[in-house]
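What follows is each chain in one-letter form.
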Amino acid sequence: MSIYVGNLSYTVTQDELSKVFSEYGTVKRVQLPTDRETGRARGFGFVEMESAAAEDAAIEALDGAEWMGRVMKVNKARPREEKNNRSGGGNWEKNNSGYSRPY
């Protein structure tokens, strides 16, 4: 399982985040997603720790803590939701005047 860390500074590095979490146990991996177009950090990340006990301790201690001028949101990461590959989405129907939602 991994930990979601939100509301991070856009300048934070993987090493800095790893150092903060290592106070609560061994950090296995840190991910800081970046924007595809700009390459800039997106303001959140994921931390994987060696044990569930270390994860729980880090969440308890760091959720709501101020770091680098921001209040962190720290909790267990939820599984990524599958995205629908269809474009447009929704239940659109063709009527006499064009397209509209059937509500």
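Refer to the structure presented above.
Residues numbered from 1 in each chain as written. Predicted model: local features only at pLDDT ≥ 70, side-chain atom pairs only at ≥ 80, totals over all residues. Heavy atoms only, no water.

Participant: Before we go on, may I ask you to explain the layout of surface pockets in this structure?
Facilitator: In this approach, a probe sized like a water molecule rolls over the atoms, and the result shows the empty space that is left. Roughly 610 Å³ of internal volume is contained in the largest pocket. Taken together, 16 residues make up the lining of the largest pocket; nearest its centre are Phe44, Phe46, Arg78, Arg80 and Glu81. For the lining of the largest pocket, the elements supplying multiple residues, two or more each, are β3 (44-49) and β6 (73-76). In terms of residue class, the lining of the largest pocket is built from six nonpolar, two polar and eight charged. (1 Å grid on protein atoms, 1.4 Å probe; cavity = no way out; pocket = protein on both sides within 12 Å on 5 of 7 lines; lining within 4 Å. Points joined across faces, edges and corners; volume = space filled by probe spheres on them. Helix = DSSP H or I, 4+ residues; strand = E, 2+ residues; numbered from the N terminus. Nonpolar A, V, L, I, M, F, W, Y, C, P; charged D, E, K, R; others polar.)

Participant: Whenever I open this one, unusual backbone geometry confuses me. Can you help?
Facilitator: Both trends apply: most residues other than glycine have a negative phi, and most peptide bonds are in trans. At asparagine 7, a residue that is not glycine, the phi angle is positive and equals roughly 60°. Considering the arrangement of structural elements, one finds asparagine 7 in the loop between β1 (3-6) and α1 (14-21). Here methionine 68, not a glycine, exhibits a phi torsion of approximately 55°, which is positive. Position of methionine 68 relative to the elements: it lies in the loop between β4 (66-67) and β5 (70-71).

Participant: Would you explain helix α2 (residues 52-62) in this entry?
Facilitator: Because an α-helix packs 3.6 residues into every turn, residues spaced three or four apart end up facing the same way. Among the residues making up α2, those that are buried are Ala54, Glu55, Ala58, Ile59 and Leu62. Along α2, the residues classed as buried sweep out an arc of 135° about the axis, all on the same side. Along α2, the residues that are exposed and aim more than 90 degrees away from the buried face are Ala53 and Glu60. In the core, the buried residues of α2 are packed alongside β1, α1, β3 and β6. Following α2 by one or two positions, glycine 64 has its phi on the positive side, about 90°. (Buried < 20%, exposed > 50% of the residue type's maximum accessible area, 1.4 Å probe, protein only. Arc of directions from axis to C-beta. Contact = heavy atoms within 4.5 Å.)

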